[in-house]
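These are the residues of each chain, in order.
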Amino acid sequence: METQNKVAMINGGRRDMAVRVLALVLTLAAAVVVGVNKQSTTVPITIVASLPPVYLPVTAKWLHMSAFVYFVIANVIACSYTAISLILTSLATKGGIKKVSIMVTILDLMVVALLFSAIGASGAVGLIGYRGNSHVRWEKVCNTFDKFCHQVMAAMALSFVACLAYLLLVVLAIFNVYKKV
């Protein structure tokens, strides 16, 4: 019976490590994709209808929108936490420290909340960029900055999958507690 428990702990620890590594890679990729995202284009602006339009160079960067800054910072925090939690969980499984496991599970849940809030904020800004808002006369910009918008959408998808990985870690931790009771 004792060897079965040890095998279950080893398999659970490997599964936990694999999901953590996946979350680390995904949050790092999401932060990098948005962090290097930049697109420049020339936009025609009509000042007076009788004159020809003035062409102005315009650049879209992630630093120009606070929601995207929050998104990058949240993913960097999640990625950094994951690197630390990989070390903590590997030490906890070797030493059998239960308090570390509880702390890591609570922090995993906080990372889920952090990432979901960052995805929500970026999604709201991205939707305004994609559709515009006719009530306040905000024009859509994704037709002009299509590459920029597509990269933000890809990063949001990566971050969402990472968030689901953290959620899976929390659910697995709850099942482990339930099995022990």
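Structure: see above.
Computed from a predicted model, the values in this text were never measured in an experiment.

Reading the values: rules and limits
Residues numbered from 1 in each chain as written. Predicted model: local features only at pLDDT ≥ 70, side-chain atom pairs only at ≥ 80, totals over all residues. Heavy atoms only, no water. Helix = DSSP H or I, 4+ residues; strand = E, 2+ residues; numbered from the N terminus. Rg over C-alpha atoms; globule rule 2.2 N^0.38 Å. Buried < 20%, exposed > 50% of the residue type's maximum accessible area, 1.4 Å probe, protein only. Lys, Arg positive; Asp, Glu negative; His and termini not counted. Charge placed at Lys NZ, Arg CZ, Asp CG, Glu CD. 1 Å grid on protein atoms, 1.4 Å probe; cavity = no way out; pocket = protein on both sides within 12 Å on 5 of 7 lines; lining within 4 Å. Points joined across faces, edges and corners; volume = space filled by probe spheres on them. Nonpolar A, V, L, I, M, F, W, Y, C, P; charged D, E, K, R; others polar. Disulfide = S-S within 2.5 Å.

Secondary structure summary: the protein contains 4 helices and 2 strands in total. The order of α-helices and β-strands along the protein, N terminus first, is α-β-β-α-α-α. Computed over C-alpha atoms, the radius of gyration of the protein comes to 22 Å, more than 25% over the 16 Å expected from 2.2 N^0.38 for 181 residues, which places it beyond the range of a compact globule. Structurally, the protein occupies a C-alpha span of about 85 × 30 × 20 Å along its principal axes. Within the protein, buried positions represent 31% of all 181 residues. Taken as two groups, the 15 positive and 5 negative side-chain charges of the protein have centres that lie 4 Å from each other.

We now examine the layout of surface pockets. Roughly 430 Å³ of internal volume is contained in the second largest pocket. Forming the boundary of the second largest pocket are 24 residues, of which Phe68, Val125, Gly129, Val141 and Phe148 lie nearest the centre. Among the elements of the structure, strand 2 (54-61), helix 3 (98-131) and helix 4 (146-180) are those that each provide at least two residues to the lining of the second largest pocket. The dominant element in the lining of the second largest pocket, judged by the number of residues it contributes, is helix 3, at 8 residues. Residue classes in the lining of the second largest pocket are distributed as 16 nonpolar, 6 polar and 2 charged.

This paragraph deals with the state of the cysteines. Inspection of every chain in the model, using the stated rule, returns 1 disulfide. Sulfur-sulfur distance for the disulfide between cysteine 142 and cysteine 149 comes to 2.0 Å. Handedness of the cysteine 142-cysteine 149 disulfide follows from its S-S torsion of about -85°: it is left-handed. Given a relative accessible area of 13%, cysteine 142 falls into the buried group. For cysteine 149, a relative accessible area of 13% translates into the label buried. In this structure cysteine 79 is not part of a disulfide, and its nearest cysteine sulfur, from cysteine 163, lies 14 Å away. Look at cysteine 79 and you get buried, because its relative accessible area is 12%.

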